[in-house]
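Coordinate inspection notes
Listed here are the chains, written in short residue letters.
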Amino acid sequence: MSTPVVYVHIGAPKTGTTYLQDRLSRNARRLAEHDVHVPRLNPITTPAISHFRGALDLLEEDWGGTSGHAAGAWPRLARKIRRSSGSVIISHEILSPAPPAKIARLTNDLEGCEVHVVYSARDLARQLPAAWQESVKQGRTWRFRRFLDIAESGKPWFMRAFDLPTVLGNWSRTLPPERVHVVTVPPSGAAPDELWLRFSRAFGFDPAWAPLDSERANASLGIAETELLRRLNRGIKRRTRGEQAHDDLLRHMLDSGQLGQRKSRKVELPPSRLPWAEEQAERWIEWVKGAGAVVHGDLEDLRPRVDHDLPWHDPDLTSNKALARAALEALAVMTQEAASRPDPRKELGARARRWTEQLRDR
């Protein structure tokens, strides 16, 4: 059996990772016909979930499910990778800020494989607003200004994942430059499939081998919708948001559902933060050039592009009128969703009757 070529896509978050992972999962069988493998832990677990659990286990983290749900996932995934032929793709954004010891474990566990690292990067003028919205979707209550203040400190997990020189400096220590790939997220207005074409080139396969498009869209919310969710998080407390039923309902209604399709003014980076974002872009570009990494796309895509002729709107000063409109639509959508769901009292009653009948049969 030939040595497998393993592409480890490590993120970063908010660079089209949800789209990529879903499209790889949907086309896994078709890709396998061309000896491109997107492994899964078992027949009923999707590749996307398999890679998430494998990454969690590798990093010794335990979140995103019931306690222990990822235990043992990485060794099982690594075995499947080592036994593969052709090329193998694994992808999850939580891998990007992995410490050197965890990276060393991954490379040791894949000994005998030709490992490539793929990192997707996006300009901070778009990435930071998207990251703030995502954090609010996950239950955080911080205002945009506070989020940006903390981001500039470089300490939070998401900023460590965004910091291209540090991330790739750690991941590329034992790799030659030709095995370090940077995929730049194209600017707004690019062809819809341009990012997918760039990923395909980084993974070394013909994009036509994966014809099924993703059905998932990690939609961005407007200013009013994000502020509504932030206040809702504050009202129902983070502990309640952590309960699966509550979290699933809110994320569906405000992200994938009808309200997620509603658009108020979009969240944008304040003009006062642009010089800092531009400095970071310059630092990233210089690192990539100096390291000799393989670029798929254009490094100029990493520079912030802002239309200075358009007024900036502060998400922390959302008007009551805009917030009320968003709240009424959210209430309507959630009422429809609640009405469509089974009455839990009836479900309990039916279950009790079944148990009674079973006892009588005994």
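Just above sits the structure.
Numbering of residues begins from 1 in every chain and follows the order in which that chain's sequence is written. Local features in this predicted model are restricted to residues of pLDDT 70 or higher, and side-chain atom pairs are both shown and tallied only at a pLDDT of 80 or more, whereas totals for entire chains, interfaces and linings draw on every residue. Processing note: side-chain calculations cover all non-hydrogen atoms of the structure and skip hydrogens and water entirely.

Each helix is a run of DSSP H or I of at least 4 residues and each strand a run of E of at least 2, with the numbering of both proceeding from the N terminus. When you line up the elements, Ala 210 lands in the loop between helix H10 (194-203) and helix H11 (223-241). Along the backbone, Ala 210 and Ala 28 are 182 residues apart, and their C-alpha atoms lie at a distance of 7.9 Å.

What follows is about helix H3 (residues 47-59). Expected span of a helix: the number of residues minus one, times 1.5 Å. The end-to-end C-alpha distance of H3 is 18 Å, a good match for the 18 Å that 13 residues give at a rise of 1.5 Å each. For H3, a buried count of ten out of 13 residues is recorded, marking the element as mostly surrounded by other parts of the structure. For H3, every residue scored as buried is listed here: Pro 47, Ser 50, His 51, Phe 52, Gly 54, Ala 55, Leu 56, Asp 57, Leu 58 and Leu 59. In this fold, the buried residues of H3 make contact with helix H1 (17-26), helix H2 (28-32), helix H4 (73-82), strand E3 (87-91) and helix H5 (100-109). Where H3 ends, the next residue or the one after it, Glu 60, has phi of about 60°, a positive value. Note on classification: 1.4 Å probe, protein chains only; a residue is buried when its accessible area is under 20% of the maximum for its type, exposed when over 50%, partly exposed between these limits. Contacts between residues were defined by any pair of non-hydrogen atoms, one from each residue, lying within 4.5 Å.

Between N-to-C directions, angles cover 0 to 180 degrees, with each direction set by a line fitted to C-alpha atoms, over the stretch in contact for helices. It is at 10 Å that the axes of H4 and H5 come closest, and there the two elements cross at 40°. Classed by the angle they form, the pair H4 and H5 counts as oblique. Seen from H4, the contacting residues are Trp 74, Pro 75, Ala 78 and Arg 82; seen from H5, they are Arg 105, Leu 106 and Asp 109. Residues belonging to the contact of H4 with H5 are distributed by class as follows: four nonpolar, no polar and three charged. Roughly parallel means an angle under 35 degrees; roughly antiparallel means over 145; roughly perpendicular covers 65 to 115; every other angle is labelled oblique. Residue classes follow a fixed rule: Ala, Val, Leu, Ile, Met, Phe, Trp, Tyr, Cys and Pro count as nonpolar, while Asp, Glu, Lys and Arg count as charged, and any other residue, Gly among them, counts as polar.

Here we take up the environment of Thr 141. Structurally, the position occupied by Thr 141 is in the loop between helix H6 (124-137) and helix H7 (144-153). For the pair Thr 141 and Glu 227, spaced 86 residues apart in sequence, the C-alpha separation works out to 9.2 Å. Residue contacts for Thr 141: discarding those within four places in its chain leaves Arg 230, Asn 233 and Arg 234.

One bridge is not enough; two strands pair if DSSP finds at least two bridges between them. With respect to topology, six strands assemble into an open sheet ordered E2-E3-E1-E4-E5-E6, the strand pairing being parallel. In this open sheet, the two edge strands, each paired with only one partner strand, are strand E2 (36-37) and strand E6 (294-296). Across five bridges, the pairing between strand E4 (residues 114-121) and strand E5 (residues 180-184) is parallel. Bridge pairing in E5 links Ala 121 to Thr 184.

Patch membership requires more than 30% relative accessible area and the absence of a salt bridge. Residues of like charge join within 9 Å; the nonpolar side chains Val, Leu, Ile, Met, Phe, Trp and Tyr join within 5 Å. Note that accessible areas follow from Shrake-Rupley with a 1.4 Å probe, and for residues the cover is restricted to the protein chains shown. Whenever a carboxyl oxygen of Asp or Glu lies within 4 Å of a side-chain nitrogen of Lys or Arg, that contact is scored as a salt bridge. Just so you know, the count uses Lys and Arg for positive and Asp and Glu for negative, and it drops His and the chain ends. Positions of charges follow a simple convention, taking NZ of Lys, CZ of Arg, CG of Asp or CD of Glu. A contiguous patch of positive charge, built from Arg 76, Arg 79, Lys 80, Arg 82 and Arg 83, is present on the exposed surface. Along the polypeptide, Arg 83 turns up in the loop between H4 and E3. Its relative accessible area of 62% is what places Arg 83 among the exposed residues.

This paragraph deals with H6. Since the α-helix advances by 3.6 residues per turn, residues separated by three or four positions end up pointing in the same direction. Its 14 residues give H6 an end-to-end C-alpha distance of 19 Å, which sits within 8% of 20 Å, the value for a rise of 1.5 Å per residue. Buried residues dominate H6, accounting for 13 of its 14 residues. Backbone geometry just after H6 places Gly 139 at a positive phi near 115°.

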